[in-house]
Every structure is written in structure tokens, then in C-alpha cells.
Amino acid sequence: MAEKAERNGGTAVCPGSYDPVTFGHLDIIGRAANVFDNVIVGVVDQPVRKQKTVFSAEERVAFIEAEVAEHGNVQVKTFDTLLVDFAREHGARAIVKGLRAISDFEYEFEMNQLNRKMAPDIESIYLMSAPQFSFLSSSGVKELAMFGGDTSGLVPDRVAARLQEELKRERN
Ligand code: PNS
């Protein structure tokens, strides 16, 4: 049997809104944790940004923390600064993100150029999503939950339960 490869990549940041975390995100975080010594999951806590989130930053962090404990080298933190500043603050050499489909590429390409301009020393690394998660997004899951669809198998059970509560309340 092949030996498990050693991790020696230093620290990486896996950033996102995670509203809420999905099994697709958790797959990327787990794969990053297999490669890097330490992974910091950065949860955006920036209320002026985009539309309002369904879950508070604290709850989004708690959802992720409950799922990543098994890795032992993953921490979850909020940030409200530039992503590259957050990465620097934690001594990260890399930003790791998932890429699902061509549709993700344009946005990520732009973010990559901006982040590279501000911090050429921090490398952005993209992991291709596993095929079973290539259709999965937080916004898709929220849409499904809003109309009573079954989100089990897409998000952890406690997230699915909280989504039902929150979105039912919004509908009524
Ligand atoms: O698609 P997401 O999950 O909302 O992505 C969030 C994030 C921070 C990964 C993305 O917006 C990004 O790469 N931003 C770079 C620019 C930046 O630093 N923005 C400030 C965020 S507080």
C-alpha cells in the first residue's frame, strides 16, 4: 500500500463566504489539509459586501468547525479585510480555492489577477472540484431549501436543518 504523502506546503488559506458550507467546500478544505501543514479557513465577515448572508459569521464558522475537527490541522477564522492581508497575517504562502466549471473561471481569473498584483508572493492554487460536487453551490442549496427541496447529501445534517428553519421563516 502507498505511504501517505508528507505534508510540507506551509500554511494555506481557503477563503469564502460559506453561506452555508457545502460538501463541495469540505472536499476542497480536506484536500488542502492533505497537502499543506496548516489550513486556515477564512470566512468572510463583511456585511457591506454583496447581499446579506442567511447565517451570521459565527454560525458559518461553527458549521465548518464541526466538520473539520477530524483533520487536526484546520482552523476556522473570520476576516473582514483584503484576503491577501488575511493570508499574510497568518503567514500563508497560498490561497486555495475550488473550481467547479468554466463558469467559475472568469470570476476566479479576475480575483487571481487582483490578488497577484497586491501580493505576488502569495500563490493562488485551484483544485478541480470532485465530479459529484461540480454542480453544488451555496446559492443553489439555499434555493432548493427555500422551495422545500431535500438538501441532505449536499450539506451536513445540522446545516440542512438550520437552512430549513431559516428559509421557512423567510418564506412566511
Ligand atoms: O465567492 P465567495 O465565497 O463570496 O468568495 C469570497 C472571496 C473572499 C474568496 C473572494 O471574494 C475573493 O477572492 N476576494 C478577493 C478580494 C478581497 O480581498 N475581497 C475582500 C473580502 S472581505
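Report follows, based on the coordinates. (Residues numbered from 1 in each chain as written. Predicted model: local features only at pLDDT ≥ 70, side-chain atom pairs only at ≥ 80, totals over all residues. Heavy atoms only, no water.)

### A closer look at the pairing of strand E5 (residues 123-128)
Here's step 1: Relative to E5, strand E4 (residues 92-99) runs parallel, the two being bridged by six bridges. Residue pairing for E5: Lys97 is matched across the bridge by Tyr126.
Here's step 2: In this fold, the crossover linking E4 to E5 by way of helix H4 (residues 102-118) has right-handed handedness. (Pairing = 2+ DSSP bridges. Helix = DSSP H or I, 4+ residues; strand = E, 2+ residues; numbered from the N terminus. Right-handed = clockwise from strand over helix to strand, strands pointing away.)

### Quick look at the packing of aromatic side chains
Aromatic ring pairs are reported here in terms of the distance separating the ring centres and the angle at which the planes meet.
Here's step 1: A full pass over the atoms with the stated rule returns three aromatic pairs.
Here's step 2: Aromatic pair Phe79 and Phe86: ring centres 4.6 Å apart, planes at 20°, arrangement stacked. Across the pair, Phe86 and Phe79 agree in class, each one buried.
Here's step 3: Arranged with centres 5.3 Å apart and planes meeting at 25°, the rings of Phe105 and Phe109 form a pair that is stacked. Residue Phe105 and its partner Phe109 are located together in helix H4, separated by four residues, close to a single helical turn. (Phe/Tyr/Trp six-rings, centres within 6.5 Å; stacked < 30°, edge-to-face > 60°. Buried < 20%, exposed > 50% of the residue type's maximum accessible area, 1.4 Å probe, protein only.)

### Points about helix H2 (residues 57-68)
Here's step 1: With twelve residues, H2 ought to run about 16 Å at 1.5 Å a step, and its terminal C-alpha atoms sit 17 Å apart, in line with that.
Here's step 2: Within the sequence span of H2, burial applies to Ala57, Arg60, Val61, Phe63, Ile64 and Val68. Down the axis of H2, the smallest arc covering the buried residues is 160°, so these residues share one side. (Expected span 1.5 Å × (residues − 1). Arc of directions from axis to C-beta.)

### Digging into the side chain of Lys97
Here's step 1: If you trace the backbone, Lys97 turns up in strand E4.
Here's step 2: The residues touching Lys97, leaving out its near neighbours within four places in the chain, are Pro15, Ile28, Leu83, Glu108, Met111, Ile125, Tyr126 and Leu127. (Contact = heavy atoms within 4.5 Å.)

### Some points on the pattern of salt bridges
Here's step 1: For the structure on display, the rule yields eight salt bridges.
Here's step 2: Close ionic contact of Glu165 with Arg162 constitutes a salt bridge, the shortest N to O distance being 2.8 Å. Here Glu165 pairs with Arg162, and both are found in helix H6 (residues 157-171), just three residues apart, close to one helical turn. (Salt bridge = Lys/Arg side-chain N within 4 Å of Asp/Glu carboxyl O.)

### Remarks on the sheet that holds strand E3 (residues 74-79)
Here's step 1: Strand order in the open sheet formed by five strands is E3-E2-E1-E4-E5, with parallel pairing between adjacent strands. Two strands in the sheet have a free side with no partner beyond their single neighbour: E3 and E5. The sheet shows a mean angle of 30° between the axes of neighbouring strands, direction not considered.
Here's step 2: Where H2 meets the sheet, it contacts strand E2 (38-44) and E3, and its direction lies at approximately 170° from that of E3. (Axes fitted to C-alpha atoms, helices over the stretch in contact; angles between N-to-C directions.)

### Thoughts on a nonpolar patch on the surface
Here's step 1: A contiguous nonpolar patch, built from Leu82, Leu114 and Met118 and spanning about 260 Å² of accessible area, is present on the exposed surface.
Here's step 2: Here Leu114 lies in helix H4.
Here's step 3: Using a relative accessible area of 43% as the deciding quantity, one classes Leu114 as partly exposed. (Patch = residues over 30% accessible without salt bridge, like charges linked within 9 Å, V, L, I, M, F, W, Y side chains within 5 Å. Areas by Shrake-Rupley, 256 points an atom, 1.4 Å probe, with all protein chains shown as cover.)

### Describing unusual backbone geometry
Here's step 1: For the bond from Asp19 to Pro20, the omega torsion is 0°, close enough to zero to count as cis.
Here's step 2: Of note in this structure, Tyr18 is not a glycine but carries a positive phi near 50°.
Here's step 3: By the element assignment, Tyr18 lies in the loop between strand E1 (11-16) and helix H1 (23-35).

### Examining the nonpolar core
Here's step 1: Tyr18, Ile29, Val39, Val41, Ile64, Val96 and Leu163 are the most contacted members of the largest nonpolar core, which totals 35 residues.
Here's step 2: Elements represented by at least two residues in this core include exactly E1, H1, E2, H2, E3, E4, helix H5 (138-146) and H6.
Here's step 3: With residues near it in sequence (within four places) discarded, Ile64 still touches Tyr18, Val21, Ile29, Val41, Val43 and Val76.
Here's step 4: By size, the runner-up hydrophobic cluster in this structure holds twelve residues, among which are Val44, Phe86, Ile95 and Ala119. (Core = buried A, V, L, I, M, F, W, Y, C linked by side-chain atoms within 4.5 Å.)

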